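# Descriptive analysis of the structure
One-letter residues, chain by chain:
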Amino acid sequence: MHEQEIIYFSDALKLVKGDFLIDAIEKFKKLIAEFPDSDLADDAMYNIALAYFNMDQFEKAIEELKLLIGKYPNGTITALDSTREFGKTAAKAYYLIVNCYLGLGQIDKAKDTLSKLGQYTDSYVEKDGEKITFDEMAKKSIEDYKSLKK
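Not measured: the values here are computed from a predicted model. (Residues numbered from 1 in each chain as written. Predicted model: local features only at pLDDT ≥ 70, side-chain atom pairs only at ≥ 80, totals over all residues. Heavy atoms only, no water.)

## So, the overall build of the chain
Rules: Starting at the N terminus, helices and strands are each numbered in turn, a helix being any DSSP run of H or I of at least four residues and a strand any DSSP run of E of at least two. The atom set for the radius of gyration is the C-alpha atoms, and the globule formula is 2.2 Å times the number of residues raised to the power 0.38. Per-residue accessibility, obtained with a 1.4 Å probe over protein chains only, is compared with the maximum for each type, and a residue is labelled buried under 20%, exposed over 50%, and partly exposed between these values. Residues count as neighbours in contact if any of their non-hydrogen atoms are within 4.5 Å of one another. To be clear on the numbers: accessible area is Shrake-Rupley with a 1.4 Å probe, and residue cover counts the displayed protein chains and nothing else. As used throughout, the charge tally considers Lys and Arg to be positive and Asp and Glu to be negative, leaving His and the chain termini uncounted. Where a charge sits is defined by one atom per residue type, namely NZ (Lys), CZ (Arg), CG (Asp) or CD (Glu).
The number of helices and strands found in the chain is seven helices and three strands. Moving toward the C terminus, one meets the helices and strands of the chain in the order α-α-α-α-β-α-α-β-β-α. Since a compact globule built from 150 residues should have a radius of gyration of about 15 Å, the 15 Å found for the chain is in line with a globular shape. With respect to the three principal axes, the spread of C-alpha positions in the chain is 50 × 30 × 30 Å. Looking at the chain as a whole, 47% of its 150 residues qualify as buried. Contacts in the chain between residues at least 24 apart in sequence constitute 56% of all its contacts with a sequence separation of at least 6. When the accessible surface of the chain is summed, it comes to about 8300 Å², and 50% of that surface belongs to carbon and sulfur atoms. Charge separation in the chain, taken as the distance between the mean sites of 21 positive and 27 negative side-chain charges, equals 5 Å.

Spelled out as structure tokens, the structure:
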């Protein structure tokens with residue numbers, strides 16, 4: 001891994017934390033353009049989609065996530081952002097797609113996407129010493145959405 005890749009990624013994460021999402025997207029895009037084969041490229045694409053999600057641009061986020069899954073189907077979650085997430089970036093991407101569809105009020109599409117998460121039993125978030133799969137979190141998101149709509 002090149003030092004410049006890490007600098008771009010770290011700088012972009014700092015921009016995200018400062019709520020400079022457009023600037024962060026540009027920094028992540030620069031990393032992908034200059035280092036498309038980097039171990040961080042899939043994580044950068046995910047973070048671009050997450051920024052769009054945080055700006056309520058759910059359709060744009062879904063578009064980015066589908067590109068990520070297609071381009072980096074075997075990418076792994078980086079440890080650089082210290083999120084306690086492990087496994088495949090695609091699992092995390094499908095989880096965010098579920099939440100994007102819920103944000104759009106498209107529960108059927110969220111459920112369809114959920115079916116793709118079952119294969120990622122090795123992808124999870126560690127919280128309070130417990131492993132919670134992205135599949136489990138997506139199911140909970142759908143349940144919470146349903147309970148709010150009652």
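## A few points about the nonpolar core
Formally: By convention a nonpolar core is built from buried Ala, Val, Leu, Ile, Met, Phe, Trp, Tyr and Cys residues, the set being connected through side-chain atoms within 4.5 Å.
If you look at the biggest cluster of nonpolar residues, it comprises 50 residues, and the most contacted ones within it are Phe28, Leu65, Leu117 and Phe134. Taken together, the elements giving at least two residues each to this core come down to α1 (3–17), α2 (21–34), α3 (41–54), α4 (58–71), α5 (89–103), α6 (107–114) and α7 (134–149). Looking at which element gives the most residues to this core, the answer is α5, with eleven residues. The residues contacting Leu117, other than those within four sequence positions of it, are Ala91, Tyr94, Tyr95, Phe134, Asp135 and Ala138.

## Points about the sheet that holds strand β3 (residues 130–133)
Stated precisely, the cut-off is as follows: Only strands joined by at least two bridges in the DSSP assignment are considered to pair. Axis geometry follows a simple rule: fit a line to the C-alpha atoms, using only the stretch in contact for helices, then measure angles between N-to-C directions, giving values from 0 to 180 degrees.
One open sheet accounts for three strands, arranged β1-β2-β3; its pairing is antiparallel. Sheet topology places β1 (85–86) and β3 at the edges, where each strand pairs with a single neighbour. Lying on the sheet, α7 is in contact with β1, β2 (124–127) and β3; it crosses β3 at an angle near 65°.

## Some thoughts on the packing of aromatic side chains
Convention followed: Any Phe, Tyr or Trp ring, taking Trp's six-membered ring, that has another such ring centre within 6.5 Å forms a pair; planes under 30 degrees apart are called stacked, those over 60 apart edge-to-face, and the others tilted. Throughout this description, the term charge over a ring refers to an Arg CZ or Lys NZ atom that lies within 6 Å of the ring centre and within 35 degrees of the ring normal.
Summed over the entire model, instances satisfying the criterion amount to six aromatic pairs. A ring pair is formed by Phe9 and Phe28, whose centres lie 5.6 Å apart and whose planes are at 65°; its orientation type is edge-to-face. In this pair, Phe9 is assigned in helix α1 and Phe28 in helix α2, connecting sequence segments 19 residues apart. Lys92 extends its terminal NZ or CZ atom over the ring of Tyr46, reaching a point 4.3 Å from the ring centre.

## Focus: unusual backbone geometry
Of note in the backbone geometry, Asp56 takes a positive phi value of approximately 60° without being a glycine. Tracing the chain through its elements places Asp56 in the loop between α3 and α4. On the basis of relative accessible area, Asp56 is assigned to the exposed category, the value being 57%. Residue Asp128 is not a glycine yet carries a positive backbone phi of 55°. For Asp128, the location among the structural elements is in the loop between β2 and β3.

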